[in-house]
Amino acid sequence: MITRIKICGITRLEDAEVAVAAGADALGLNFATISPRRVPIAQAARIADHVAGAIRRVGLFVDAPAADVRAVIDAVALDVLQFQGEESGAWCGQFGLPYLKAIRVRGPLDLPALEAEYAGACALLLDAYVPGRPGGTGHQFDWALWPPQARLPLALAGGLTPDNVAEAVTRLRPWAVDVSGGVEGPVKGIKDADRVRRFIAEVRRCEALTDTTSR
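Residues numbered from 1 in each chain as written. Predicted model: local features only at pLDDT ≥ 70, side-chain atom pairs only at ≥ 80, totals over all residues. Heavy atoms only, no water.

Here the focus is the sheet that holds strand 7 (residues 154-156). The strand order 1-2-3-4-5-6-7-8 describes a closed barrel built from eight strands, whose pairing is parallel. Taken over all neighbouring pairs, the strand axes of this sheet differ in orientation by 30° on average, direction set aside. In this structure, strand 4 (residues 80-83) lies alongside strand 5 (residues 99-105), joined through three bridges in parallel fashion. Looking at the pairing, glutamine 82 lines up with leucine 100 of strand 5. (Pairing = 2+ DSSP bridges. Helix = DSSP H or I, 4+ residues; strand = E, 2+ residues; numbered from the N terminus. Axes fitted to C-alpha atoms, helices over the stretch in contact; angles between N-to-C directions.)

The structure is reproduced here in structure tokens:
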């Protein structure tokens, strides 16, 4: 089992380099106006160009006007879009790029309805529900609500850290894990290189154990 790893909320070139060197599969560039991890378009373009071909570049938006999303796509070399707000499936699919749709979990999910609405998504990203905050809260939702079966790939976000990601991967077997605050120090948007490396190493350790036990 291979679990994809996304390090989100990248604001600095050096943090992008750490994510690449440590073996992450994707990095997230946050363009949400309300986020403390928002990265200026010019800086995002520099980061995206620097890591081209080495890692997937994901642009995160929260209920942004379509014109704003297109302006970012024109300026920044993105591979995937991530929509963290109340966007519909039809709205998410209008930009000609693969997209992830974040779902904030606060109770049992109507997964068939979500999969029908976002049938064009490359994955659904399940995150914690915190009123008034679309993501990046550092909160963990009740993992008992994780769907046992799904047609779309499911990514896990919300409160993940180097200390609990192994349990999450072992227990839930997500298609991907997504972390932001869990690999930061005291300043949001500034990654702690050691925590990034530990997080990725823990995921890979779980994969190795799963591979060994399945033989």
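Among soluble globular proteins, nonpolar side chains are generally buried collectively. One finds Ile7, Leu29, Phe31, Val76, Leu156, Val177 and Phe199 to be the most contacted residues of the largest nonpolar core, which totals 58 residues. Not counting chain neighbours up to four residues away, the residues in contact with valine 177 comprise Thr3, Arg4, Ile5, Lys6, Leu156, Leu160, Val165, Val169, Phe199 and Val203. (Core = buried A, V, L, I, M, F, W, Y, C linked by side-chain atoms within 4.5 Å. Buried < 20%, exposed > 50% of the residue type's maximum accessible area, 1.4 Å probe, protein only. Contact = heavy atoms within 4.5 Å.)

Summarising the element assignment, valine 80 is placed in strand 4. Classification of valine 80 by relative accessible area gives buried; the value is 6%. As for valine 80 and leucine 109, which are separated by 29 residues in sequence, their C-alpha atoms are 24 Å apart. The contacts of valine 80, once residues within four sequence positions are left out, are Arg56, Arg57, Val58, Gly59, Pro98, Tyr99, Leu100 and Cys122.

For the pair helix 1 (residues 13-22) and helix 2 (residues 41-50), the least separation of the axes is 10 Å and the interaxial angle reads 30°. Between helix 1 and helix 2, the crossing angle belongs to the class labelled roughly parallel. Two packed elements cross with a definite hand, and for helix 1 against helix 2 that hand is right-handed. Facing helix 1, whose interface residues are Leu13, Ala16 and Glu17, helix 2 presents Gln43, Arg46, Ile47 and His50. (Parallel < 35°, antiparallel > 145°, perpendicular 65-115°, else oblique. Left-handed = near helix turned anticlockwise from the far one by under 90°.)

Quick look at the side chain of serine 35 now. Looking at the element boundaries, serine 35 is found in the loop between strand 2 (26-30) and helix 2. In this structure the side chain of serine 35 is engaged in a polar contact, spanning 3.1 Å, whose partner is the side chain of asparagine 30. (Polar contact = N/O pair within 3.5 Å; in protein donor to acceptor, adjacent residues only side chain to side chain.)

The next thing to look at is the pairing of strand 3 (residues 56-61). Burial of strand 3 is extensive: five of the six residues sit out of reach of the surface. Here strand 2 runs beside strand 3; their pairing, made up of five bridges, is parallel. Paired with leucine 29 across the two strands is glycine 59, which belongs to strand 3. The parallel pair strand 2 and strand 3, bridged by helix 2, forms a crossover whose chirality is right-handed. Where strand 3 and strand 4 come together, four bridges link them in parallel fashion. Within strand 4, the residue paired with valine 58 across the bridge is valine 80. Between the parallel pair strand 3 and strand 4, the chain is carried across by helix 3 (residues 66-75), and the sense of this crossover is right-handed. (Right-handed = clockwise from strand over helix to strand, strands pointing away.)

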